[in-house]
Amino acid sequence: MSQAAEFDLRFSSASQAETGSFKLLELPPELCKLIEASVDGTNCPSFTIKGAPDEDAVLCTTDKTYTVRSVVLSNSVCVVTRDPADDVAEGDEEMKDVAIRDQLSEIIELIPSVPRLHKLSALLRGREYDEGHEDDEEMSEDENGVPIKRRRFTYEDARAMIQASDGELDRGLRDRRVLILKGELRPIAPSHLTAILELILTSLVSDSLSYSSAPVSTLLSALEGEHDIRRDVARQVMAWFGSISKQDGAEIWEMDADAVVREVGLGILRAHRDDPVIEKEFLAQWRKAVGDTFEERVSLTLLSGNYLTSSDTLSDPPIPLFTYFPSAALPVEPGARFAELFLTRPRWKADEIVPFLSDIAVDSKERDKLLLKHARAITDSEGIWYTARAKYNA
């Protein structure tokens, strides 16, 4: 049996000056694997700490975000090394002295977190790209409607200011339909986006093109020549709603049909934030907008998390109504999110409330924790309902 080595432990001569210079960071398993996979010096992972002085720090990898949290230890941990004042040769077997360099009472934990993309809305306000304002790229309006020169907000600005990994930021810009024009970020007006998608669907049918393998150049030429849609704008829209690849030297677009149908449906539904629309009329309008080729794809499931249902009780039988209610417009802080939801409705069915929580929870496990913390589950003959744990006043 081998005998444990014995060392003389003492405080370093530099320990007092160095107190507080060490931090212990506990890595989650997935980050440990990334580091272990690069022990030979190749494929080294990139970690970035992000956060303004008034924000909690986060650590970002290339595709994930982690909240940086300090945890107090019940027992202090000592950081020990060979004393730098020790002049014994590094390979000397007689070297038995180690020095305490620091004493730590906390460690830093990394908790998986949703990307903090909510600041994008404020940062991009007033930069909208709309039909009829395509060439007005340098001007905007202040809160009084007075024309002012707009400061450019670029992709690099967003990387520096938004607490999200590059992969999550790219998805966030895509999901928010933000164009990159001459390096500047500009959200496209929803009505203009819907119009472009409807024109694409019309072009596919009129030119007898397959939506799974449409020539990019043909579509771009049709949109530009017949409808004055800029090529760089149309190309980015196509990339949002499908994939562009090369086949035999030509670029081919494979459309995500469900994504296009969904966006067209949202474009129609947005007009009914304050004025509910009858379900039957809404579905008929939606099917007409996407055309005969895609009307079978029309499904309310595609709009999950963007509408509320109600009934016109004055009709017999009651008529189902839809109201535009996007989860993206709700508060990002969980407590405020639940407050808003329960002020809107005093109780929610389980399958109705879940879509409005997907963007504030990393996974279903965290979502269930939020429901347990902020809501109370009640079961009756109709199934599971959630009501508020706290009392909210309208």
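Let me sum up the structure you'll find in this document. Computed from a predicted structure; not experimentally measured.

Some points on helix H8 (residues 231-240)
Because the α-helix completes a turn every 3.6 residues, residues three or four places apart line up on one side. Listed in full, the buried residues belonging to H8 are Val233, Ala234, Gln236, Val237, Met238 and Trp240. Tucked into the core, H8 has its buried residues touching helix H5 (166-175), strand S9 (178-181), helix H6 (190-206), helix H7 (216-227), strand S12 (242-247) and strand S13 (250-255).

Here's the deal with the nonpolar core
If you look at the biggest cluster of nonpolar residues, it comprises 44 residues, and the most contacted ones within it are Ile188, Ile200, Val237, Phe241, Trp253, Phe282 and Trp286. When residues of this core are traced back to their parent elements, those giving at least two are S9, H6, H7, H8, S13, helix H9 (257-269), helix H10 (279-290) and strand S16 (319-324). Here this core gets eight residues from one element, more than from any other, and that element is H9. Shared between two domains, this core takes at least three residues from each, and those domains are domain 2 (119-138 + 151-257) and domain 3 (273-388). Among residues more than four places away in sequence, those in contact with Val237 are Ile188, Leu193, Ile196, Leu197 and Ile200.

Focus: H5
Among the residues making up H5, those that are buried are Gly167, Glu168, Leu169, Gly172 and Leu173. Contacts from the buried residues of H5 go to strand S5 (65-81), strand S6 (97-113), helix H3 (119-123), helix H4 (155-161), S9 and strand S10 (184-187). One or two positions beyond H5, positive phi appears at Arg177, with a value near 55°.

Some details on the sheet that holds strand S15 (residues 307-312)
Spatially, the three strands line up as an open sheet ordered S14-S16-S15, and their pairing is antiparallel. At either end of the open sheet lies a strand with only one pairing partner, and these are strand S14 (277-278) and S15. Across two bridges, the pairing between S14 and S16 is antiparallel. Its bridge partner lying in S16, Val277 is registered against Phe322.

Cut-offs applied
- Residues numbered from 1 in each chain as written.
- Predicted model: local features only at pLDDT ≥ 70, side-chain atom pairs only at ≥ 80, totals over all residues.
- Heavy atoms only, no water.
- Buried < 20%, exposed > 50% of the residue type's maximum accessible area, 1.4 Å probe, protein only.
- Helix = DSSP H or I, 4+ residues; strand = E, 2+ residues; numbered from the N terminus.
- Contact = heavy atoms within 4.5 Å.
- Core = buried A, V, L, I, M, F, W, Y, C linked by side-chain atoms within 4.5 Å.
- Domains from an automatic or database assignment.
- Pairing = 2+ DSSP bridges.

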